[in-house]
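What follows is each chain in one-letter form.
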Amino acid sequence: MKKADGAAPETVIRVTPEMAANARAGLSTAAAPKTIDAVAIGSPHLSLAEFDMLERLIAGRRLGVPIYACTGRHALSGLEQVGRRKALEASGVVIVADTCVVVTPIMPVLSNGVLMTNSGKFAHYAPGNTGYSVLYASLADCVESAVLGKPRFTDIAA
Amino acid sequence: MSAAPEILVPGRTGQGEALVLTAPISFWGGVDPKTGRIADVRHPQHGEIISGRVLFLPGTIGSSSASAVLMELVHNGRAPAALVLHEPDAILLLGLIVAREMGWETPIAVQLARNVFETYRGSTVNVAGDGALTIAG
C-alpha cells in the first residue's frame, strides 16, 4: 500500500474479525458473574434519540438493578418538559446530569460489584475508578440484564 | 553506572527502588491518588505502588486529568521519588508545575530513552539535582 505522496507506510495493520473480537472481550473484566449490581450508560452523554431507544427497550418494566443514565442538562430539560424523566425514574433509571459514574463517586462502594455497560470508555475506566468489574454489552442486553438483575447476552457473548 | 538525562521539571532529588513500567499509562483512572497504587486492571504493573519509587514511564496515554492525579499524589505525600519519562508530557508534568505553584515540594522529572530503562530494573536509583541517574544499590 502506498500513500498519495508515494512514501511507504511505516506499518500496515490489517484488522481481522478475531482482533475485533479480542478487543471487545478485553473490555469485560468480570469472569462469568451470576448477577450484576448496576448498568451504566451515557459516555458519551445520552442524546434524546438514545433516551427514545432506552424507553422502547425498558417498555414500562421495572428494573431489578439501577441503570445509571448519564446525560447533559440540555437533553434532560427536553425529557423533563414532557414528564419522561419521572417515568424513567419510576422504572429504576437513575439520571446523572453533566457528569458520569467514573468521574464522580455516584454508585455505592461495593467490594465485588459488577457493572454492565455499553460504553467502551466506562468499561475501560470503571474497574480502576469505581472498583466494579465490568461486562461490556449492547444497550439492548444492558436493559434486559438490568430488568433481570443478571447478565443476559443475546448479542455477541462478552 | 550513571546517565545524564535532560531535566524536564526541576524538583527534589530522589532515591528509590526503580519501578519500570512496561506499558504506557494514564494516571487518571490508572493510578489511585490516595494510595499511589496502579489501579488500571489491564496494566501489566497493576497493583504496584508508585509512591517513593523512581518511576520509569515508557509513555503516557490520555486523560487530561492525569495532571490532577499527579498533583494529588504530591499533596498526599504519595508521589514517586522521581519520574523518568521517555518523552516530555505536557499533561502529566503540569501536575508537578501546579503543585510547585501551590508551594508543595515536588519530585524531579527527567527525560531518558526508554531503551535503557531495563538497566535500572530491580535497582535502587538515585536521581541527582542535575538529572543524573545513578544506581545506588
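A brief report on the enclosed structure follows.

Definitions and limits used
- Residues numbered from 1 in each chain as written.
- Chains lettered and ligands numbered in written order.
- Predicted model: local features only at pLDDT ≥ 70, side-chain atom pairs only at ≥ 80, totals over all residues.
- Heavy atoms only, no water.
- Pairing = 2+ DSSP bridges.
- Helix = DSSP H or I, 4+ residues; strand = E, 2+ residues; numbered from the N terminus.
- Axes fitted to C-alpha atoms, helices over the stretch in contact; angles between N-to-C directions.
- Contact = heavy atoms within 4.5 Å.
- Phe/Tyr/Trp six-rings, centres within 6.5 Å; stacked < 30°, edge-to-face > 60°.
- Buried < 20%, exposed > 50% of the residue type's maximum accessible area, 1.4 Å probe, protein only.
- Arc of directions from axis to C-beta.
- Parallel < 35°, antiparallel > 145°, perpendicular 65-115°, else oblique.
- Left-handed = near helix turned anticlockwise from the far one by under 90°.
- Nonpolar A, V, L, I, M, F, W, Y, C, P; charged D, E, K, R; others polar.
- Core = buried A, V, L, I, M, F, W, Y, C linked by side-chain atoms within 4.5 Å.
- Salt bridge = Lys/Arg side-chain N within 4 Å of Asp/Glu carboxyl O.

Concerning the sheet that holds strand E4 (residues 114–117) of chain A
The strands making up a sheet are joined through hydrogen bonds of the backbone, oriented either antiparallel or parallel. Residues and elements named next belong to chain A. With parallel pairing, five strands are arranged side by side in an open sheet as E3-E2-E1-E4-E5. The two strands at the open ends of the sheet, each matched to only one other strand, are strand E3 (93–97) and strand E5 (133–136). Across the sheet, the axes of successive neighbouring strands diverge by a mean angle of 25°, strand direction being ignored. Here strand E2 (residues 67–71) pairs with E3 via five bridges, running parallel. When the sheet's bridge partners are listed, Ala69 is paired in E3 with Ile95. Across the sheet, helix H5 (residues 120–130) touches strand E1 (38–46), E2, E4 and E5, and the angle it forms with E5 is around 165°.

Here's the deal with the packing of aromatic side chains
All names here are of chain B. One pass over the full model with this rule turns up three aromatic pairs over all chains. Centroid distance Phe56 to Tyr120: 5.3 Å. Interplanar angle 20°. Geometry classified as stacked. Of the two residues, Phe56 sits in strand E4 (residues 54–57) while Tyr120 sits in the loop between strand E6 (109–111) and strand E7 (124–127), which places them 64 residues apart along the sequence. These aromatic residues form a ring-pair network of at least three members: Phe56, Phe117 and Tyr120.

What about helix H1 (residues 66–75) of chain B?
All names here are of chain B. Among the residues of H1, Ala66, Ser67, Val69, Leu70, Leu73 and Val74 are the ones counted as buried. For H1, the angular spread of the buried residues around the axis is 160°, confining them to a single face. Residues of H1 that are buried in the fold lie against strand E5 (82–85) and helix H2 (90–101). Looking at the residues trailing H1, positive phi occurs at Gly77, about 70°.

Thoughts on the packing of helix H2 (residues 48–58) of chain A against helix H4 (residues 84–91) of chain A
Working note: a packed helix pair is described by the angle between its axes plus the distance between those axes. Residue and element names in this part refer to chain A. Closest axis-to-axis distance for the H2/H4 pair is 11 Å, and the angle between their directions is 45°. By the angle class used here, H2 and H4 are oblique. Relative to H4, H2 is oriented so that their crossing is left-handed. The residues of H4 that touch H2, namely those facing Leu48, Phe51, Asp52, Leu54, Glu55 and Ile58, are Arg84, Leu88 and Ser91. Of the residues contributing to the contact of H2 with H4, the split by class is five nonpolar, one polar and three charged.

Re the nonpolar core
Of all hydrophobic cores here, the largest spans 41 residues; its most connected members are Val101(A), Phe27(B) and Leu57(B). When sequence neighbours within four positions are dropped, the list of residues in contact with Val101(A) reads Ala40(A), Tyr68(A), Cys70(A), Val96(A), Ile106(A), Met107(A), Phe122(A) and Thr130(A). Counting 26 residues, the second-largest nonpolar core is a separate cluster that includes Ile67(A), Leu79(A), Val143(A) and Ala146(A).

Some points on the pattern of salt bridges
Counting across every chain of the model gives eleven salt bridges over all chains. Here Arg12(B) and Glu105(B) are joined by a salt bridge, their closest N and O atoms 3.6 Å apart. With Arg12(B) in the loop between strand E2 (6–9) and strand E3 (14–20) and Glu105(B) in the loop between H2 and E6, the pair connects residues that are 93 residues apart, well separated along the chain. Judged by relative accessible area, which is 33%, Arg12(B) ranks as partly exposed. Here Glu118(B) makes a salt bridge to Arg121(B), at a shortest N to O gap of 2.7 Å. On the basis of relative accessibility, which here comes to 47%, the residue Glu118(B) falls in the partly exposed class. Connected through shared salt-bridge partners, Asp52(A), Glu55(A) and Arg84(A) make up one network.

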